[in-house]
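Structure at a glance
So the chains spell out like this:
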Amino acid sequence: MLIRHIGSGVGEALLAAVVAAIVAAIGLVAFSMVQWPAFNSSNVTRSLTTVGQVGAAVLLAMAIWLVRARRWQWVAKVLSWLGISTFVTVTLGMPLAATKLYLFGVSVDQEFRTEYLTRLTDSAALHDMTYADLPPFYPAGWFWIGGRVANVLGMDGWEAFKPYAIGSLAVVAVIALVLWSKLIRADWAIGVSAATTAATVAYASPEAYSAVIVLLLPPALILAWGALYRPLERSGTAVGAAVSGGAGASGGSAAAGDAANSAGTAASGGATTSGSDGTADSGVAVGAATSDAAAVASGREGAAGDKAAAGNEGAAASGTGTAGGWGAVIGAGLFLGMAASFYTLYFGVAAFAVGLMGLVSAGLAVRAQRGGAGSVWRAVLPPLVRLVVMGAIAGLVALIVWLPFVLKLLGGTMPSSGTAFHYLPEGGAQLPFPMAEFSLSGAFFLIGTAWLVVRAASSRRAQALGIGVVAIYLWCLLSMTMTAAGNTLLSFRLTPVLEVLLAAAGAFGFVEGAKAVYQAFNQQKQFKFVVVVVAIVGALAFTQDIPQLLKPEITTAYTDTDGNGERADKRAPGAASHYRDIDAALLAQTGRPRSDSVVLTADTSFLSFYPYYGFQALTSHYANLLADFAGRAATIESWSKLDSSAALVDALDKSPWRAPDAFLFRSSGDAYTLRLAKDVYPNDPNVKRYTVSFPKELFTDPHFTTTNIGPFTLVVVNR
């Protein structure tokens, strides 16, 4: 049964991913075939984005209608996949249609991300994005896959970044939809997926490699909670108590009471059947309650009615109906492993939330055990074992990416003090409360917050998402506390995660709240129409504003100079327009492939377009822990103070790291300059720029070949 469940889900996810990839590819290719005006100087692409979003909404509405009408279920699935992937492709691809760059262009953080993708496009080997002879410290998962995609398509890494980022978001969005559909009823899954996808695109899409984790986090938390908290397995008679409707609540066993509560939730929580009002159909309510109680134990609260059959009494208690929850354990472990391979911070937060779930589950098990004959350890052991298994699975998956770095550490290379956590903007100095904002999204998040509180005792969905929200706030408090010790946990980056969790809760809260209202007033037909209209108007009002929310990021994609030396807004390009000539000179003068040369430059965007290694990273915050950023900075300064070419040549030969094969300077009077950076945390901004000047006479020796190219001076070391 376990293999069948996993195989069915994986097969459906793969099919959905193929559909999404095709949609993204067709859409992006079609967009690129038209000469669009720049987003920052025209509203044409924004208007077409709105049209595309309406089209995506129509596809999703059709899918929901088919599901609720119980017609053509596979057609409904395909329509939902088409709708979600079309939404992502149109919302991001259309505003960026006239540029080859992704959100934020190649500025600030996007510079090193593009550099990473360029590195792994050039080679499938796990190398650091900047430094030669070092394994990667930043997780390579998303970038490695993108590099292989770019390599197959014959594209440069920088040019593949935009289509790969959009395509990966579209693919993971439909995979998240498939996962949701395995946890809750199908029509709700479509609605919740649409809400979380819209929130992710609006708030997390600039950082595409982390956004894919954000998309999967809400259903993954529900999956993990279903694996860890299994009250029905603590009593062989719990399900019978739930079906009888009172034994669990009135008996002395706390475990049976929990089971009855869970079964009651599944039967009456508006998520047991695919009927028009979301309630249990006549004649199958008891069977639905029983089978859904089993589903709750595996994290499937709110299973569709066609999956709720009578006669499954005892399945949850024995584990025969839900594979004992081990499918959920495997799924949660795989998600954590993927998170560790893609984005360390979000892995830490997800692991923290799952660990918190383990503690809560163990505490509830101890409470249920009171008064019973069993020992406390026997009650605590099952969730802890499952937690350990999750961790083991995650560790094995993560080693695929982290093994080279671990082996380097075991080989005796010790990391220098890192500064990756040395950043405290204003957003990291206060708790995020998006539900308190006076906006449409703020109201939606407030509904989600209210739902989490109201349903905390009766809904496993609310429990899982609520623990995730609590984990984020605890992480934020811990991050702010750590400032006293001279560090942070980068809590400001968790706001998009919180918003997506609240979006999922908001979707549940809106549907369940609307149902409660129209049942209270007994005006089902009229009120249902009002709810549908409000949902559509609210969804379109929010989604059509996403390009405006992303306007700074989109504008930068048009104003930055791309790898072809062009600006998408057709204005004069920047200094990067000379990179192509610099690359040609380097290839001609060194006679080596790009990946065999190390270049020392402060214009590190050059490394984003061409896979040369760098001697020094953009800032210490992006530098490999094994690279000794501070030591390299001191060495660069010491080279600049030498008094002869011979001394410089000798110093290069004695460098403790692989020495530069070329220098890419800016010229200033009688000196060549590098504008480097150093960490000045706890100040905000946390980076201070300073200039290192090399006297030009240091490079007059025949050991060096000097070439002036635009504002740059290229100095190649002749070896």
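Residues numbered from 1 in each chain as written. Predicted model: local features only at pLDDT ≥ 70, side-chain atom pairs only at ≥ 80, totals over all residues. Heavy atoms only, no water.

1. Describing the overall build of the protein chain
A count of helical and extended segments in the protein chain gives 26 helices and seven strands. In the protein chain, which comprises 719 residues, the proportion classed as buried is 55%. Pairs at least 24 apart in sequence give 74% of the contacts found in the protein chain among residues at least 6 apart. (Helix = DSSP H or I, 4+ residues; strand = E, 2+ residues; numbered from the N terminus. Buried < 20%, exposed > 50% of the residue type's maximum accessible area, 1.4 Å probe, protein only. Contact = heavy atoms within 4.5 Å.)

2. Some words on the pattern of salt bridges
Under the criterion given, the structure shown has 19 salt bridges. Linking K182 and E12 is a salt bridge whose minimum nitrogen-to-oxygen distance equals 2.9 Å. One end of the pair, K182, is in helix α6 (residues 157-183); the other, E12, is in helix α1 (residues 2-32), and 170 residues separate them in sequence. On the basis of relative accessible area, K182 is assigned to the partly exposed category, the value being 25%. A relative accessible area of 7% means that E12 is categorised as buried. In this structure, D603 and R666 form a salt bridge, with 2.9 Å as the shortest nitrogen-oxygen distance. Remark: R666 occurs in strand β3 (residues 662-668) and D603 occurs in the loop between β1 (598-601) and α24 (606-609); sequence separation between them is 63 residues. It is possible to trace a salt-bridge network through shared partners that takes in D109, R113, E207 and R493. (Salt bridge = Lys/Arg side-chain N within 4 Å of Asp/Glu carboxyl O.)

3. What to know about the packing of helix α8 (residues 208-228) against helix α18 (residues 460-482)
Where α8 contacts α18, the axes come no closer than 9 Å and their chain directions differ by 115 degrees. What the angle tells us is that α8 and α18 run roughly perpendicular. Crossing hand, α8 versus α18: right-handed. Facing α8, whose interface residues are P218, L221, I222, W225 and G226, α18 presents R460, R461, Q463, A464, L465, I467 and G468. Taken together, the residues of the contact of α8 with α18 sort by class into seven nonpolar, three polar and two charged. (Axes fitted to C-alpha atoms, helices over the stretch in contact; angles between N-to-C directions. Parallel < 35°, antiparallel > 145°, perpendicular 65-115°, else oblique. Left-handed = near helix turned anticlockwise from the far one by under 90°. Nonpolar A, V, L, I, M, F, W, Y, C, P; charged D, E, K, R; others polar.)

4. Observations regarding the confidence of the model for the protein chain
Looking at the protein chain as a whole, the pLDDT averages 86, with 85% of positions reaching at least 70. Predicted confidence is poor over residues 236-321, with pLDDT under 50, and the contacts of this stretch with residues over four places away or in other chains come to 177 contacts. (pLDDT = per-residue confidence, 0-100.)

5. Overview of the environment of L82
You can see L82 is positioned in helix α3 (residues 73-93). Remark: the alpha-carbon pair of L82 and I22, spanning 60 residues in sequence, is separated by 9.6 Å.

6. Some points on the nonpolar core
In terms of nonpolar packing, the biggest core is built from 172 residues, with L92, Y102, W142, I582, L586 and F606 touching the most fellow members. Here the element with the most residues in this core is α8; it accounts for 17 residues. Residues contacting L586, with those up to four places away along its chain left out, are G591, V599, F606, Y612, A662, L714 and V716. Grouped together as the second largest cluster of nonpolar side chains are 27 residues, A132, A651, F694 and L698 included. (Core = buried A, V, L, I, M, F, W, Y, C linked by side-chain atoms within 4.5 Å.)

7. Describing a nonpolar patch on the surface
Together, L396, L399, L403, V406, L407 and L410 make up an exposed nonpolar region whose accessible area comes to about 560 Å². Structurally, L407 can be placed in helix α16 (residues 376-410). (Patch = residues over 30% accessible without salt bridge, like charges linked within 9 Å, V, L, I, M, F, W, Y side chains within 5 Å. Areas by Shrake-Rupley, 256 points an atom, 1.4 Å probe, with all protein chains shown as cover.)

8. A closer look at the packing of aromatic side chains
Each pair of aromatic rings is reported with the distance of its centres and the angle of its planes. Going through the model one piece at a time under the given rule, you end up with 43 aromatic pairs. Seen from their ring centres, Y579 and F609 are 6.1 Å apart, and the 50 degrees between their planes marks the pair as tilted. One end of the pair, Y579, is in helix α23 (residues 579-590); the other, F609, is in helix α24, with 30 residues separating them in the sequence. Taking relative accessible area as the criterion, Y579 reaches 4% and is therefore assigned buried. (Phe/Tyr/Trp six-rings, centres within 6.5 Å; stacked < 30°, edge-to-face > 60°.)

9. Remarks on the pairing of β3
Looking at chain direction, β1 and β3 are connected through three bridges and run parallel. By the bridge assignment for β3, V599 is matched with A662. Taken together, the three bridges between β3 and strand β4 (residues 671-679) define a ladder with antiparallel strand orientation. Across the sheet, the residue bridging to S667 is Y672, located in β4. (Pairing = 2+ DSSP bridges.)

10. Here's the deal with helix α2 (residues 44-69)
An α-helix turns once per 3.6 residues; consequently, residues spaced three or four apart project the same way. Between its terminal C-alpha atoms α2 stretches 38 Å, which fits the 38 Å expected from 26 residues at 1.5 Å a residue. The complete set of buried residues in α2 reads T45, T49, G52, Q53, A56, L60, A63, L66 and V67. R70 occupies a position one or two residues after α2 and carries a positive phi of about 60 degrees. (Expected span 1.5 Å × (residues − 1).)

11. Re the environment of N40
Along the chain, N40 falls in the loop between α1 and α2. Separated by 514 residues in sequence, N40 and I554 have C-alpha atoms that sit 7.8 Å apart. Contacts of N40, omitting those with residues within four sequence positions, involve T555, Y558, T559 and D569.

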